[in-house]
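One-letter residues, chain by chain:
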Amino acid sequence: MNHEDTAGGPPEDDEPHPVLRAVALGTARLLPDLDRPQAWLLTLDHTPQSYVDLADPTHLEFEYTRRIGHLVDALAPAGQPLDALHLGGGALTLPRYLAATRPGSRQRVVEADGPLVDLVAEHLPWPAGIEVAVGDARDALAAAEPAAADLVVADVFHGSRTPAHLTSVEFVALAAAALRPGGCYAANLADGPPLAFAAAQAATLRAVFPHTCLVAEPAVLRGRRYGNILLVGSTAPLPGDGLARRLAGDPFPARLTDGAALDALVGAARPVHDADAVDSPTPPDGAFSVG
């Protein structure tokens with residue numbers, strides 16, 4: 001099942017109305033942001049999944065999406081198109097951002113929830129150049145053309161947890177095979193104290209990529225709270241200085257951790273393989289949910 005260049009959108013009305021629909025993985029809601037006339041929040045079982053501003057796709061509301069946006073901005077000269085594979089679609093916030101900031105980029109999105117894709121296509125149409133397919137992220141990687149992508153982004157949550165089969169060395173190796181030499185892999189995960197899952201995932205990434213870094217808010221890195229963690233890997237040196245400057249300028253600044261600091265975070269953690277992979281930790285009550 002593929003969707004490309006859809007038409008349509010929210011019904012024209014003086015006041016946008018919430019949309020509620022049962023989808024494959026739960027109950028989806030599209031909630032209008034009354035402060036931004038064409039902006040919508042997508043939730044799944046009350047967990048925020050995406051925020052999209054149809055009038056300004058460069059507006060990235062969630063902190064973790066801004067961090068991936070900063071990475072995208074730092075990877076290549078401004079405006080240069082990229083070939084990107086997005087694992088996990090939601091409302092396609094990052095593909096829309098890439099289409100707006102790097103016109104001509106070729107993008108493929110793989111989303112496991114077909115009815116959710118239909119909902120987004122109906123109410124939040126995406127621009128030309130973005131192909132959306134329904135399927136499993138790992139299956140899509142295994143079938144991907146080798147060495148064809150500049151960027152692979154993994155942002156897959158079933159509810160509020162990353163599935164185990166997307167956390168192993170074998171999975172990351174599939175992502176590496178899909179990348180061109182020097183291409184970049186980025187994975188959005190979530191963890192809390194004592195950061196055992198994050199440490200194991202960083203070790204897993206370093207088993208595949210010679211250049212890696214981890215990005216998170218200082219409070220998350222210090223083990224004070226649960227939150228999003230971005231892991232980045234490449235066969236080429238990462239744009240660390242440029243990315244760190246962008247991260248520091250955010251309303252909620254994040255810290256880039258690499259080198260010896262990443263060694264210390266990983267500690268004795270071992271890479272995860274398929275045989276011992278587990279879902280990411282269950283978040284504490286209220287960590288991500290909205291009413």
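In what follows, the structure referred to is the one given above.
Residues numbered from 1 in each chain as written. Predicted model: local features only at pLDDT ≥ 70, side-chain atom pairs only at ≥ 80, totals over all residues. Heavy atoms only, no water.

1. A closer look at the overall build of the chain
Helix and strand counts for the chain come out as 9 helices and 13 strands. Taken against the 2.2 N^0.38 rule, which gives 19 Å for 291 residues, the C-alpha radius of gyration of the chain at 18 Å falls within 12% of a compact globule. Dimensions of the chain, computed from C-alpha atoms along their principal axes, come out at roughly 55 × 40 × 40 Å. The long-range share in the chain, meaning contacts at least 24 apart out of those at least 6 apart in sequence, stands at 70%. Surface accessibility of the chain: about 12,500 Å² in total, with carbon and sulfur atoms responsible for 53%. Counting 20 positive and 36 negative side-chain charges, the chain places the averaged centre of each group 8 Å from the other. (Helix = DSSP H or I, 4+ residues; strand = E, 2+ residues; numbered from the N terminus. Rg over C-alpha atoms; globule rule 2.2 N^0.38 Å. Contact = heavy atoms within 4.5 Å. Areas by Shrake-Rupley, 256 points an atom, 1.4 Å probe, with all protein chains shown as cover. Lys, Arg positive; Asp, Glu negative; His and termini not counted. Charge placed at Lys NZ, Arg CZ, Asp CG, Glu CD.)

2. Here we look at the sheet that holds strand 2 (residues 19-23)
Read from one edge of the open sheet, 4 strands run 2-3-4-5, paired in antiparallel fashion. The two strands at the open ends of the sheet, each matched to only one other strand, are strand 2 and strand 5 (47-53). Direction aside, neighbouring strands of the sheet carry axes that sit 20° apart on average. As judged from the 5 bridges shared by strand 3 (residues 26-32) and strand 4 (residues 39-44), these two strands associate in the antiparallel manner. Following the sheet pairing, P32 is matched in strand 4 by W40. (Pairing = 2+ DSSP bridges. Axes fitted to C-alpha atoms, helices over the stretch in contact; angles between N-to-C directions.)

3. Examining the packing of helix 1 (residues 63-75) against helix 8 (residues 240-248)
Contact geometry of helix 1 with helix 8 gives a least axis separation of 9 Å together with a crossing angle of 145°. In the crossing of helix 1 with helix 8, the sense of the turn from one axis to the other is right-handed. The residues of helix 8 that touch helix 1, namely those facing R67, H70, L71, D73 and A74, are L243, R246 and L247. By residue class, the composition of the contact of helix 1 with helix 8 is 4 nonpolar, 1 polar and 3 charged. (Left-handed = near helix turned anticlockwise from the far one by under 90°. Nonpolar A, V, L, I, M, F, W, Y, C, P; charged D, E, K, R; others polar.)

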